[in-house]
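Architecture at a glance
Given next are the chains, with one letter for each unit.
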Amino acid sequence: MAVELSLLASFVSIFMAHASSARPPHIVLIVADDLGWNDVGWRNPQMHTPNLDKLARNGVILNSSYVQPVCTPTRNCLMSGYYPYHTGLQHDVIRGNAPGFMPSNITTLPQKLKEVGYVTHMVGKWHLGYCNWKYTPTYRGFDSFMGFYSAMEGYYNHSEGDGYDFMFNTDVYYPPKGEYSANVFAKRAIDILNAVNPKNESLFLYLPFQSVHDPTENRDKPRRAFLLVSMVSALDEAVGNITTVLRERGYMDNLLLIFTTDNGGPVIHGANNLPLRGAKATLWEGGTKGAAFVYSDTLLKKTKYLNTEMMHAVDWFPTLLHVAGVTADSNIDGLDMWPTLSENTPSPRKEFVYNIDEILKNAAIRVGNYKLIEGSPGHSNGWYPLPTEADPQSKAPAISEEYSHEAIISSEPQYQLFDIANDPTEHFDISKKYPEVVNQMKQRLSEYKKSLVPANYPPPDPKSNPKYHNGTWSPGWC
Ligand SMILES: *[C@@H]1O[C@H](CO)[C@@H](O)[C@H](O)[C@H]1NC(C)=O
Ligand SMILES: *[C@@H]1O[C@H](CO)[C@@H](O)[C@H](O)[C@H]1NC(C)=O
Ligand SMILES: *[C@@H]1O[C@H](CO)[C@@H](O)[C@H](O)[C@H]1NC(C)=O
Ligand SMILES: *[C@@H]1O[C@H](CO)[C@@H](O)[C@H](O)[C@H]1NC(C)=O
Ligand SMILES: *[C@@H]1O[C@H](CO)[C@@H](O)[C@H](O)[C@H]1NC(C)=O
Ligand SMILES: *[C@@H]1O[C@H](CO)[C@@H](O)[C@H](O)[C@H]1NC(C)=O
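Summary of the structure given here. (Residues numbered from 1 in each chain as written. Chains lettered and ligands numbered in written order. Predicted model: local features only at pLDDT ≥ 70, side-chain atom pairs only at ≥ 80, totals over all residues. Heavy atoms only, no water.)

1. Topic: the layout of surface pockets
- Of the volumes computed, that of the largest pocket is approximately 350 Å³.
- Partitioning the lining of the largest pocket into residue classes produces eight nonpolar, six polar and six charged. (1 Å grid on protein atoms, 1.4 Å probe; cavity = no way out; pocket = protein on both sides within 12 Å on 5 of 7 lines; lining within 4 Å. Points joined across faces, edges and corners; volume = space filled by probe spheres on them. Nonpolar A, V, L, I, M, F, W, Y, C, P; charged D, E, K, R; others polar.)

2. A look at the environment of serine 451
- Here serine 451 is to be found in the segment after α10 (435-449).
- Sequence separation between serine 451 and histidine 86 is 365 residues, and the spatial gap between their C-alpha atoms is 7.1 Å.
- Here the side chain of serine 451 touches histidine 86 through a polar contact of 2.7 Å, side chain to side chain. (Helix = DSSP H or I, 4+ residues; strand = E, 2+ residues; numbered from the N terminus. Polar contact = N/O pair within 3.5 Å; in protein donor to acceptor, adjacent residues only side chain to side chain.)

3. Points about the site of ligand 3
- The environment of ligand 3 is formed by Asn197, Asn200 and Glu201.
- Asparagine 197 is positioned such that a nitrogen or oxygen atom in its side chain is 3.3 Å from an oxygen atom of ligand 3.
- Within the side chain of asparagine 200, one N or O atom sits 2.3 Å away from an oxygen atom of ligand 3.
- Within the complex, the protein chains bury 29% of what would otherwise be the 360 Å² of accessible surface of ligand 3. (Near = heavy atom within 4 Å. Areas by Shrake-Rupley, 256 points an atom, 1.4 Å probe, with all protein chains shown as cover.)

4. Regarding the packing of aromatic side chains
- Overall, the coordinates contain 25 aromatic pairs when judged by the stated rule.
- Geometrically, the ring pair formed by tyrosine 130 and tyrosine 149 is stacked, given 5.1 Å between the ring centres and 10° between the ring planes. Of this pair, tyrosine 130 sits in the loop between β4 (119-125) and β5 (144-148) while tyrosine 149 is found in the loop between β5 and β6 (159-160), placing the two residues 19 residues apart along the sequence.
- For the ring pair phenylalanine 148 and phenylalanine 185, a centre distance of 6.4 Å and an interplane angle of 15° mean the geometry is stacked. (Phe/Tyr/Trp six-rings, centres within 6.5 Å; stacked < 30°, edge-to-face > 60°.)

5. Remarks on the pattern of salt bridges
- One pass over the structure, following the stated rule, counts 18 salt bridges.
- One salt bridge connects aspartate 297 with arginine 247, and the closest N-O pair in it is separated by 2.9 Å. Of this pair, aspartate 297 sits in the loop between β12 (292-295) and β13 (305-307) while arginine 247 is found in helix α6 (residues 227-248), placing the two residues 50 residues apart along the sequence.
- A single salt-bridge network, built from bridges that share partners, covers Asp33, Arg75, Lys125 and Asp262. (Salt bridge = Lys/Arg side-chain N within 4 Å of Asp/Glu carboxyl O.)

Structure, rendered in structure tokens:
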């Protein structure tokens, strides 16, 4: 009996040792809001982001990682692996007073990760629907959620318009008065890191910060001339505090960290996308080419270089599932980029859809080196210089670059063609020179359009009004 027991014990301990070495890696997915291509220290000496720079330089800086022009659609890509034109989220963002949502038949990234036992936590901005509880994070695969539902709010008062928007799981939550959201979120992330045991559990931590979306509000007196610089520094400090704890607690032995923006920078709020053309909410590269990197102590075979392989936000879904050892549905839009990220092998992605918006009547696709734009790319069509003390708003266009609700009337040609490999800054429309390429690209775009799911862009619903929900933006009205 005793022999049997000790045999059993040694069998169990061998099994445990094996199980623990094969434990799926921790995944930390950090999303910055409205961070421009050039608003990071590893590109622009005006910015002060020592923690992010160190991770980026010791990891893999992504130089061709595309995102959607605005917020909700990119978050949809991350959580679903589908292009927004396949989930009805291709137009604008989900407005706080309108009953929009990511369809409930989507199996989300955290739901898939739970299949292999991940603990899943979310800290930050959701923006994928909240009019019914079933659309909110803790009903969509997250064990816990602290953060807000909508597009934007005050960094200190957590309010937008007439309503308060800050939750801890399914309860309204009031962080200590006067605490800046980057600090609130970093503190919550650290609480999670202290509660999880990195040796016997696999953590998925989704950290979509409020930083650096407008309102331009900073914690202290701006350290430099412009508010955005110090807002980005607060984000950097939060990431620094979190990575310190990741290291102290022993997560780093088996962890993949992803950092990405959700869209290009809004130049009207002082963001900068140079040398790229355009800004947030446009189909130009300045709206869609995202600042991003991956970092790991142990999982990347090749590090400390610039990866120029093409990828799109939909690709994170199958890529992270690969890392976790989970099979993704074959009908999603995303492609597994793991070999490309880990070893710099050629990307499996040769083309992608920037967006198809049947309400704005615009679209863009990339095939190989070529990019075709149909209709107007948006309102901010220039190359906007770095902000200066005299002009902290970076010579912003007078017109807001937020999406308008109607198709953009424009004098631009209906089709524009760019060779992104040779002209990444979109200075030369070559549609006249290569009409046959334009025709092939139009053909390809019309094939993509066949699977378009019409935009679910409902009008505002008065039932959303915080006055019916004790002063909060709260579920329960759809
Ligand atoms: C979700 O439902 C819609 C509408 O019925 C359908 O077109 C779509 O294929 C479904 N998506 C998934 C991932 O099941
Ligand atoms: C919250 O803060 C924002 C940004 O400072 C401000 O615009 C807004 O009026 C404030 N809202 C409330 C309810 O105090
Ligand atoms: C991991 O270990 C901790 C403490 O040793 C324990 O409380 C927890 O239940 C374990 N979790 C799993 C999933 O084994
Ligand atoms: C980072 O940690 C330091 C030291 O604890 C703290 O003073 C600071 O407020 C933290 N910053 C953020 C953004 O959490
Ligand atoms: C990285 O991207 C920028 C902006 O599109 C481009 O100007 C640059 O040439 C790219 N670098 C490489 C090595 O491809
Ligand atoms: C309503 O909100 C106030 C704070 O504004 C809070 O103290 C109170 O508990 C809330 N009431 C309910 C029923 O949630």
